[in-house]
Amino acid sequence: DVHRAWWKEASVYHIYPASFKDSNGDGVGDIPGIVSKLDYIKKLGADVVWVCPCYKSPKVDMGYDISDYRDIDPQYGTMEDIEQLLEGLHSRGIKLIMDMVANHTSDQHEWFRSAKASKESPYRDYYIWKKPKVGKHGEKLPPNNWQSLFSGSVWEYDETSDEYYFHLFTTSQPDLNWENPKVRREIYEIMRFWLTKGVDGFRMDAVNFLSKDPSFRDAPVTEPSSKYQHASSYYCMGPRIHEYMVEIGEILKEHNAFSVGEMAYLYDPTEIIKVVSSDRNELNMVFQFELIDIDRSFSHRYTPKKWTPREFKDISNKWQVFMQENDGWNALFLENHDWGRSVSRFVSDKPELRTVGAKMLATFIGFQSGTLFVYQGQELGLANMPKSWPLEKYKDVETINYYKQLLDDDAPQSVLDLAMSEIRKKARDHARLPFQWDSSCFAGFSTVRPWMDVNDDYREWNAAAQVNDSLSVFSYWRSILDLRRTYKDVLIYGKFELVHSSHEDVCAYQRSFGSDVALVVTSFNDSSISWIVPQKFLGPGKFLLSNYADVSPLVAEIVLRPYEAFMCLLS
Ligand code: TEU
């Protein structure tokens with residue numbers, strides 16, 4: 001027996017507001033811009049739209065530093081614009097989920113300004129403050145050795161009070177003190193505010209960081225050359241995390257809201273099932289990053305790691321099987337605003353392979369069990385910035401801090417070169433280039449030069465060129481979303497099993513429900529290889545999707561062309 005739910009059947013389109021569509025000619029995307037493109041989103045077939053933060057913010061971290069949770073940033077629009085967006089989406093049968101950043105605020109939020117102004121402030125305890133550690137020579141040191149996700153210490157010294165405050169991200173993003181019940185109540189009220197406005201749910205930012213190890217003890221030294229150490233095991237899933245999640249879950253339940261939590265640094269499904277299992281009433285699903293972390297070390301984005309298609313498949317299989325055996329649920333994604341483009345990272349953005357590669361990845365992820373997320377531009381096969389672009393084209397605080405730290409540490413040229421090659425693959429900036437609407441100036445994104453430059457390839461790679469072309473990447477994604485709706489039983493609720501699990505280059509799986517079986521075959525090889533078709537799949541089959549025009553029937557041994565992918569229904 002399967003547990004059906006609307007949020008399991010939904011496909012989500014993920015929008016980065018600064019880079020989607022500029023309506024007022026200031027070079028930055030905005031909410032009216034989104035409103036003007038709703039028919040495009042409807043055409044793709046999305047059921048839910050998730051918009052990254054557009055609340056009032058100084059935008060040190062592109063809106064993930066919120067200074068007023070109950071207002072819209074003027075750069076993005078007004079409250080009326082959000083209401084229009086809600087109306088426009090709802091009238092098309094699409095839901096809206098917003099990004100809830102509850103781990104930290106901006107240092108410009110009135111709570112933090114007050115907290116910083118005086119130790120007596122009623123808001124002081126909304127944040128995490130600690131006395132300096134005293135060094136051998138009486139010098140003041142950060143209270144522990146934890147490293148910020150954006151380089152340097154997690155502690156920032158405050159002269160006024162002679163204390164440090166805690167920030168996992170930039171110094172402009174002080175962490176909220178979730179141990180303080182007042183803080184939790186504030187956040188819950190904010191969530192209710194938006195739900196009452198008609199918002200249909202939330203993507204909960206960095207939600208596994210809400211509860212930290214209260215001892216704040218030093219992390220073990222894993223990187224001897226570094227002053228600060230990776231400490232996620234101390235700030236992820238702290239002792240009170242489920243208590244908070246249950247509280248959050250109650251609010252979500254009141255409104256039958258959609259919820260997806262972001263949980264970095266967590267590859268243990270037995271931890272995540274506690275959040276998403278159907279009897280826990282915490283969150284619907286979680287973004288875990290084991291798959292898209294495949295080309296990095298655990299502790300750092302820019303430490304390269306070799307990976308194989310076999311590992312890609314094994315990781316997916318691990319989560320698919322675990323969630324299905326434990327009545328949990330997966331969030332399926334290969335891209336978001338924090339990563340390089342999937343076609344550039346996992347296959348190839350060479351002109352001759354790009355379309356077929358983007359479609360192969362879509363097939364790979366698109367028929368697995370879970371709620372499917374598509375990040376803006378992924379549906380067009382958009383690629384990373386050109387490798388020739390210099391560092392000056394990168395705008396993200398994480399990229400900039402990282403490179404600056406290396407320069408400050410007098411890193412040798414070889415280290416700088418490696419850093420640059422990693423940045424070219426994985427920087428968050430790649431996903432934040434302006435959306436490519438058409439072949440006109442600035443890709444139809446804006447009438448002026450946008451806040452980030454448009455990718456060189458926009459004349460060829462854009463929405464206008466793809467929406468009406470039945471062979472485009474867009475049409476392919478559209479088919480996937482459509483097939484998930486049409487063959488709901490097997491594609492949403494069907495059992496997942498790998499086929500030929502040990503094959504090194506081919507990831508094949510089946511979904512089955514009653515007598516229906518969908519076979520999904522994807523080749524991660526850039527040349528032709530042969531594949532033995534298991535006996536039970538032999539026969540004409542009904543090819544519902546394939547990334548090469550001419551597919552031949554399933555005989556005992558077939559040749560898979562470079563990055564070939566198909567989905568075939570047998571019953
Ligand atoms: O990301 C939090 C997070 O843990 C990561 O995905 C992070 O971006 C990455 O690991 C850094 O290397 C969320 C948002 O998605 C991100 O854009 C924000 O910058 C961050 O929270 C802070 O709010």
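On a predicted model such as this, the values are computed, not experimentally measured, just so you know. Residue numbering note: each chain is counted from 1, following its sequence as written. Residue-level local features of this predicted model are given only where pLDDT is at least 70; pairs of side-chain atoms are given and counted only at 80 or more, and the full residue set underlies all totals for whole chains, interfaces and linings.

### Considering the overall build of the protein
Line of reasoning, step 1. Each helix and strand in the protein was counted, giving 17 helices and 22 strands.
Line of reasoning, step 2. If one aligns the C-alpha atoms of the protein with their principal axes, the spans along those axes are about 75 × 55 × 50 Å.
Line of reasoning, step 3. For every residue, the other C-beta atoms within 10 Å of its own C-beta are counted; 20 or more classify it as buried, 12 or fewer as exposed, and values in between as partly exposed. C-beta atoms are placed from the backbone. Split into buried and exposed, the 571 residues of the protein put 49% on the buried side.
Line of reasoning, step 4. Contact criterion: two residues are in contact if their C-beta atoms, reconstructed from the backbone, are within 7 Å. Within the protein, counting contacts between residues at least 6 apart in sequence, those at least 24 apart form 66% of the total. Helical segments are the DSSP runs of H or I of at least four residues, strand segments are the runs of E of at least two, and each set is numbered from the N terminus.

### Details of the site of the ligand
Line of reasoning, step 1. Near the ligand lie 13 residues; those nearest to it are Y64, F169, A206, A264 and D338.
Line of reasoning, step 2. Polar here means any residue outside two lists: the nonpolar Ala, Val, Leu, Ile, Met, Phe, Trp, Tyr, Cys and Pro, and the charged Asp, Glu, Lys and Arg; Gly therefore counts as polar. Residue composition of the shell around the ligand, grouped by class: 6 nonpolar, 1 polar and 6 charged. Near residues are defined by distance alone, with the backbone-placed C-beta atom required to lie within 6 Å of the molecule or strand.

### Considering the nonpolar core
Line of reasoning, step 1. Each nonpolar core comprises buried Ala, Val, Leu, Ile, Met, Phe, Trp, Tyr and Cys residues, the members being joined through C-beta atoms within 7 Å. Within the largest apolar cluster, 158 residues are counted, with the highest numbers of intra-cluster contacts made by I15, A46, V48, V49, V286, L361 and W477.
Line of reasoning, step 2. Every residue in contact with V286, bar those within four places of it in the chain, is listed here: V260, G261, M263, I272, V275, V276 and A331.
Line of reasoning, step 3. Among the nonpolar cores identified, the runner-up in size contains 6 residues, and Y302, A419, I423 and A427 belong to it.

### Some points on the confidence of the model for the protein
Line of reasoning, step 1. A residue's pLDDT is the predictor's confidence in that residue, given on a scale from 0 to 100. For the protein, mean pLDDT is 97; residues scoring 70 or higher make up 100% of the total.
Line of reasoning, step 2. The ipTM, which scores confidence in the relative placement of chains, is 0.96 for this predicted complex, and the corresponding pTM is 0.98.

### So, the sheet that holds strand β13 (residues 285–288)
Line of reasoning, step 1. Ordered by their spatial adjacency, 8 strands build an open sheet running β13-β12-β11-β5-β2-β1-β15-β14, and the pairing between neighbours is parallel. Unpaired on one side and paired on the other, β13 and β14 (331–332) mark the two borders of the sheet.
Line of reasoning, step 2. Where β14 and strand β15 (residues 371–375) come together, 2 bridges link them in parallel fashion. Paired with A331 across the strands is T371, a residue of β15.
Line of reasoning, step 3. Where helix α9 (residues 269–276) meets the sheet, it contacts β12 (258–263) and β13, and its direction lies at approximately 150° from that of β13. Strands are labelled as partners when DSSP assigns at least two bridges between them. Axes here refer to lines fitted to C-alpha atoms; in helices the fit is confined to the stretch in contact. Angles between the N-to-C directions go from 0 to 180 degrees.

### Details of the domain arrangement of the protein
Line of reasoning, step 1. Segmentation of the chain into domains, including their bounds, is taken from an automatic or database domain assignment. Considered domain by domain, the protein is made up of domain 1 (10–103 + 181–210 + 243–394 + 428–479), domain 2 (110–166) and domain 3 (495–570).
Line of reasoning, step 2. Put simply, the middle of domain 1 and the middle of domain 2, counted by C-alpha atoms, are 32 Å apart.

### Some remarks on unusual backbone geometry
Line of reasoning, step 1. A positive phi angle, close to 50°, is found at F216, a residue other than glycine.
Line of reasoning, step 2. Tracing the backbone through its elements, the reader meets F216 in the loop between β11 (201–205) and α7 (232–235).

### Considerations on helix α14 (residues 413–426)
Line of reasoning, step 1. Compared with the 20 Å implied by 1.5 Å per residue over 14 residues, the 20 Å span of α14 between its first and last C-alpha is a close match.
Line of reasoning, step 2. For α14, the set of buried residues is A419, I423, R424 and K426.
Line of reasoning, step 3. For α14, the elements touching its buried residues are α13 (397–408). The span one expects for a helix is its residue count, reduced by one, times 1.5 Å.

### Focus on the environment of R240
Line of reasoning, step 1. Here R240 is to be found in the loop between α7 and α8 (241–254).
Line of reasoning, step 2. Taking the C-beta count within 10 Å as the criterion, R240 has 14 such neighbours and is therefore assigned partly exposed.

### Considering the packing of helix α6 (residues 181–197) against α8
Line of reasoning, step 1. Two elements in contact, α6 and α8, have axes whose closest approach is 10 Å; the angle formed by their N-to-C orientations is 25°. It follows from the interaxial angle that α6 and α8 lie roughly parallel. As α6 runs across α8, the sense of the crossing is right-handed. Each of R184, Y188, M191 and R192 in α6 lies in contact with α8, whose residues at this interface are Y244, E247 and I251.
Line of reasoning, step 2. Of the residues in the contact of α6 with α8, the class split is 4 nonpolar, no polar and 3 charged. Throughout, the term roughly parallel applies to angles under 35 degrees, roughly antiparallel to angles over 145, roughly perpendicular to angles from 65 to 115, and oblique to all others. Each helix crossing is assigned a hand: it is left-handed if the near helix lies turned anticlockwise from the far helix by less than a right angle, otherwise right-handed if that turn is clockwise.

### Considering the sheet that holds strand β10 (residues 163–166)
Line of reasoning, step 1. Pairing in this open sheet of 3 strands is antiparallel, and the strands run β6-β10-β9 from one edge to the other. The sheet terminates laterally at β6 (129–130) and β9 (155–158), the two strands that pair on one side only.
Line of reasoning, step 2. As paired strands, β9 and β10 are joined by 4 bridges and run antiparallel to one another. Note on β10: the bridge partner recorded for D158 is E163.

### A closer look at helix α4 (residues 79–91)
Line of reasoning, step 1. Taking 1.5 Å as the rise per residue, α4 with 13 residues should run 18 Å; its terminal C-alpha atoms sit 18 Å apart, in good agreement.
Line of reasoning, step 2. Taken together, the buried positions of α4 are occupied by I82, L85, G88 and L89. Along the long axis of α4, the arc covered by the buried residues comes to 125°, so they all point the same way. Within α4, the exposed residues directed more than 90 degrees away from the buried face are M79, E80, E87 and S91.
Line of reasoning, step 3. Looking at the buried side of α4, the elements it contacts are α2 (31–35), α3 (38–44), β2 (48–51), β4 (68–72) and β5 (95–101). The directions from the helix axis to the C-beta atoms form the arc being described.

### What to know about the environment of L38
Line of reasoning, step 1. Checked against the element boundaries, L38 lands in helix α3.
Line of reasoning, step 2. Classification of L38 as partly exposed rests on a count of 17 C-beta atoms within 10 Å.
Line of reasoning, step 3. Sequence spacing of L38 and V286 is 248 residues, and the spatial spacing of their C-alpha atoms is 26 Å.
Line of reasoning, step 4. Apart from the residues lying within four places of it in its own chain, the contact partners of L38 are G88, L89 and R92.

### As for the packing of α13 against α14
Line of reasoning, step 1. It is at 10 Å that the axes of α13 and α14 come closest, and there the two elements cross at 170°. As summarised for this structure, α13 and α14 are arranged roughly antiparallel, according to the angle between their axes. Judged by residue contacts, T399, Y403 and L406 of α13 engage V415, L416, A419 and I423 from α14.
Line of reasoning, step 2. Across the contact of α13 with α14, the residue classes break down as 6 nonpolar, 1 polar and no charged.

### Considering the environment of P122
Line of reasoning, step 1. Counting through the fold element by element, P122 comes out in the loop between α5 (110–117) and β6.
Line of reasoning, step 2. Overall, P122 belongs to the exposed group, with 11 C-beta atoms counted inside 10 Å.
Line of reasoning, step 3. On a C-alpha basis, the gap between P122 and I315 in space is 47 Å, while along the polypeptide they are 193 residues apart.

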